[in-house]
Amino acid sequence: MKSASRDRTTGKYGQVRASGGTCSVRVDARGVAGRWGRVLIVPEARGRGLGAGMLKDGLAVAFDIRGVQRVELGVLSHNTSAVRLCEWHGFQVQRVLPTVKQVEGRFWSVLQMSLTGADWASARGQKRADG
């Protein structure tokens, strides 16, 4: 969502907040990799592009402000909207964790995905060129 905003980063975390949601980017001790997570979007704000805006701003915090080389995240495999969003931004699946969480007797899988700074810059440039 275009109204998503970047907050100043403090310590090893970068926060991204928008009306109806929040997420964080945690940076490892060496400052090489970031972990995008703690994504919270209130139910009434879902489906309005808020996640896309927060992901874009979170990546800007990680790559442009914190200077990491790679961002990783985990997404539930059945959350196809989130998987497509991550792939559209250039994330690639690194591995599948098949039985991470059990809900109502069914196991849910998690896709571990990552994106390098170079791939993000390339994808960002391509999106600008495409309009």
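Structural data are supplied above this passage.
If you're wondering where the values come from, they're calculated on a predicted model, not measured in any experiment.

Visitor: What exactly am I supposed to notice about the overall build of the protein here?
Guide: A tally of regular secondary structure across the protein gives 3 helices and 7 strands. Taking all 131 residues of the protein together, the buried fraction comes to 36%. Look at the contacts in the protein between residues 6 or more apart in sequence, and 55% of them connect residues 24 or more apart. Carbon and sulfur atoms make up 49% of the accessible area of the protein, which amounts to about 8,000 Å² in all.

Visitor: Looking at this structure, I do not really get the side chain of Ser114. What am I missing?
Guide: Inspection of the secondary structure assignment puts Ser114 in strand β7 (residues 106–116). Residue Ser114 is classed as buried on the basis of its relative accessible area of 12%. Polar side-chain contacts of Ser114 include one of 3.2 Å to the side chain of Gln94. Apart from the residues within four sequence positions on either side, Ser114 is in contact with Arg70, Val71, Glu72, Gly90, Phe91, Gln92 and Gln94.

Visitor: Would you mind going over the pairing of strand β5 (residues 70–76) with me for this structure?
Guide: Every regular strand shows the same layout, with side chains that alternate between the two sheet faces. Burial of β5 is one-sided: the residues Val71, Leu73 and Val75 facing one way are buried, the residues Arg70, Glu72, Gly74 and Leu76 facing the other way are not. Across 3 bridges, strand β4 (residues 33–41) lies against β5 in parallel orientation. Bridging from a neighbouring strand, Arg35 pairs with Glu72 of β5. With helix α1 (residues 50–65) bridging β4 and the parallel β5, this β-α-β connection has right-handed handedness.

Procedures and definitions
- Residues numbered from 1 in each chain as written.
- Predicted model: local features only at pLDDT ≥ 70, side-chain atom pairs only at ≥ 80, totals over all residues.
- Heavy atoms only, no water.
- Helix = DSSP H or I, 4+ residues; strand = E, 2+ residues; numbered from the N terminus.
- Buried < 20%, exposed > 50% of the residue type's maximum accessible area, 1.4 Å probe, protein only.
- Contact = heavy atoms within 4.5 Å.
- Areas by Shrake-Rupley, 256 points an atom, 1.4 Å probe, with all protein chains shown as cover.
- Polar contact = N/O pair within 3.5 Å; in protein donor to acceptor, adjacent residues only side chain to side chain.
- Pairing = 2+ DSSP bridges.
- Right-handed = clockwise from strand over helix to strand, strands pointing away.

Without other data, these values stay purely geometric and don't point to any function.
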